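Here is how the chains run, residue by residue.
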Amino acid sequence: MARSTLVLDLDQTLVSVVDHDEETLLQCVTKRPGLDRFLKDMSQVYEIVVFSASGASYVKKIVSSLDPTGEIFSAVFTGSDTDWLSGQRVKDLRKLNRDKIVWIDDNASLYPYNPKNGIQVPPFHGDPNDSILGALTPLLLEVALGQISVENASELFVRARNK
Ligand SMILES: [Mg+2]
């Protein structure tokens, strides 16, 4: 079975970045709790791509700090890879040219072309008790194994959060 591609947003999904300048950027990055484990687990079963709407130099700096050996992410898309649709910035995943895609983002409205291919997560602003990545892991593993659909995983995720 071909691997699915997991498309991950950066800001407020994997990390929270407070005020910074070029030099202090990496000191201002807070990783969502469980991030290293999450990326490691996901990289066993998915091809992982980062798709951020932010500028390339900012994104690439953070990505290389998360993945210094380059084993986790297979591609990185940034602001210049986004498109505009009716005055709104969007991430068009068709340009990735992959069959099976799952996106994880705190903003679902960025995916008008692939609305059902992903899971919207609550935005991360640095809460040390955030447990979203741990909650996503078993669902995404089941999706990767073809045991449930992305839509199903998204429903289960929302339901578990509203309990
Ligand atoms: Mg975001």
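The preceding data block contains the structure.
In this text, all values refer to a predicted model and were calculated from it rather than measured experimentally.

Focus: the overall build of the protein
Tallying secondary structure elements over the protein gives 4 helices and 9 strands in all. For the protein, the α and β elements follow one another from N to C terminus as β-β-β-α-β-α-β-β-β-β-β-α-α. Here the C-alpha radius of gyration of the protein, 15 Å, is about what a compact globule of 163 residues would show, namely 15 Å. The burial tally for the protein puts 29% of its 163 residues in the buried class. Sequence separation of at least 24 residues holds for 60% of the intrachain contacts in the protein that already meet a minimum separation of 6.

Section: the sheet that holds strand S5 (residues 73-77)
Strand order in this open sheet of 5 strands is S5-S4-S1-S8-S9, and the pairing throughout is parallel. Strands at the two margins of the open sheet, each flanked by one partner only, are S5 and strand S9 (118-120). Between one strand axis and the next, the sheet turns by 20° as a mean value, whatever way the strands run. The sheet contact formed by strand S4 (residues 46-51) and S5 spans 4 bridges and is parallel. Across the sheet, Ile48 pairs through a bridge with Phe73, a residue of S5. Against the sheet, helix H1 (residues 35-45) makes contact with strand S1 (4-8) and S4, and its axis sits at roughly 125° relative to S4, the strand it touches most. Contacts between helix H3 (residues 132-144) and the sheet are confined to S1, S4, strand S8 (101-105) and S9, with S8 contributing the most and set at about 165° to the helix.

Remarks on unusual backbone geometry
Within the chain, Gln12 stands out as a residue other than glycine whose phi angle is a positive 70°. As for its placement among the helices and strands, Gln12 is situated in the loop between S1 and strand S2 (15-17). Overall, Gln12 belongs to the partly exposed group, with 18 C-beta atoms counted inside 10 Å. At Ser86, a residue that is not glycine, the phi angle is positive and equals roughly 50°. Examined against the element boundaries, Ser86 turns out to sit in the loop between strand S6 (83-85) and strand S7 (88-90). With 6 C-beta atoms counted inside 10 Å, the residue Ser86 sits in the exposed group.

A few points about the pairing of S8
Moving residue by residue along a regular strand, the side chains alternate between the two faces of the sheet. Of all 5 residues making up S8, 5 are buried, and the element is well covered by its neighbours. Burial along S8 is two-sided: Ile101, Trp103 and Asp105 and Val102 and Ile104, pointing in opposite directions, are all buried. Across 4 bridges, the pairing between S1 and S8 is parallel. Counterpart to Val7 in the pairing with S8 is Trp103. Across 3 bridges, the pairing between S8 and S9 is parallel. The residue bridging Asp105 from the neighbouring strand is Gln120, located in S9.

Notes on the environment of Ala108
In this fold, Ala108 is placed in the loop between S8 and S9. Looking at Ala108, the number of C-beta atoms within 10 Å reads 16, which means it is partly exposed. In this structure, the C-alpha to C-alpha distance between Ala108 and Arg94, residues 14 residues apart in sequence, is 16 Å. Other than its neighbours up to four places away in sequence, Ala108 contacts Pro115, Gly118 and Gln120.

Conventions we followed
- Starting from 1, residues in each chain are numbered consecutively following that chain's sequence as written.
- With pLDDT at 70 or above as the cut-off, local features in this predicted model cover only qualifying residues; side-chain atom pairs require 80 or more to be listed or tallied, and sums for whole chains, interfaces and linings still use all residues.
- Helix numbers and strand numbers start at the N terminus; a helix is a DSSP run of H or I with at least 4 residues, a strand a run of E with at least 2.
- In this description the radius of gyration comes from C-alpha coordinates, and the expected globular size is given by 2.2 Å times residues to the power 0.38.
- In this scheme every C-beta is placed from the backbone, and a residue whose C-beta has 20 or more other C-beta atoms within 10 Å is buried, one with 12 or fewer is exposed, and one in between is partly exposed.
- Residues are scored as being in contact if the C-beta atoms we place from backbone atoms lie within 7 Å.
- At least two bridges found by DSSP between two strands are what make those strands a pair.
- Angles run from 0 to 180 degrees between N-to-C directions of axes, and those axes are lines fitted to C-alpha atoms, restricted for helices to the stretch in contact.

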